[in-house]
Amino acid sequence: MTFEKQVKEAKEKQLRQRITRDVVFIILGIVFLVISIIMAYNKANNEDIKENNVNVQEKN
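Residues numbered from 1 in each chain as written. Predicted model: local features only at pLDDT ≥ 70, side-chain atom pairs only at ≥ 80, totals over all residues. Heavy atoms only, no water.

A. Region of the structure containing the overall build of the chain. The helix and strand tally for the chain stands at 1 helix and 0 strands. Looking at the chain residue by residue over its 60 residues, the buried ones come to 0%. Working note: accessible area of the chain is about 6,000 Å², and carbon and sulfur atoms make up 62% of it. (Helix = DSSP H or I, 4+ residues; strand = E, 2+ residues; numbered from the N terminus. Buried < 20%, exposed > 50% of the residue type's maximum accessible area, 1.4 Å probe, protein only. Areas by Shrake-Rupley, 256 points an atom, 1.4 Å probe, with all protein chains shown as cover.)

B. Region of the structure containing the pattern of salt bridges. Summed over the entire model, instances satisfying the criterion amount to 1 salt bridge. In this structure, D22 engages R21 in a salt bridge whose closest nitrogen and oxygen atoms are separated by 3.5 Å. R21 sits in the partly exposed class, given a relative accessible area of 43%. (Salt bridge = Lys/Arg side-chain N within 4 Å of Asp/Glu carboxyl O.)

C. Inspection of a nonpolar patch on the surface at higher detail. A grouping of L15, I19, V23, V24, F25, I27, L28, V31, F32, I35 and M39 is seen on the molecular surface, where their side chains present a nonpolar patch of about 1,100 Å² in accessible area. Among the secondary structure elements, V23 is positioned in helix α1 (residues 3-59). (Patch = residues over 30% accessible without salt bridge, like charges linked within 9 Å, V, L, I, M, F, W, Y side chains within 5 Å.)

Below is the structure:
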């Protein structure tokens with residue numbers, strides 16, 4: 001194997017690793033974004049439910 005061929009293969013391997021790493025971080029970022037949106041939505045719903053319960057109890 002020539003030195004140039006080894007260098008070329010090493011660069012290709014490094015590029016594949018970088019692409020894989022970037023894809024993993026993008027997927028993790030999307031997952032955390034979705035989780036935070038769901039948690040915010042649930043929190044807003046829980047506050048609405050509590051507010052409705054307080055309004056109902058005050059009317060009684």
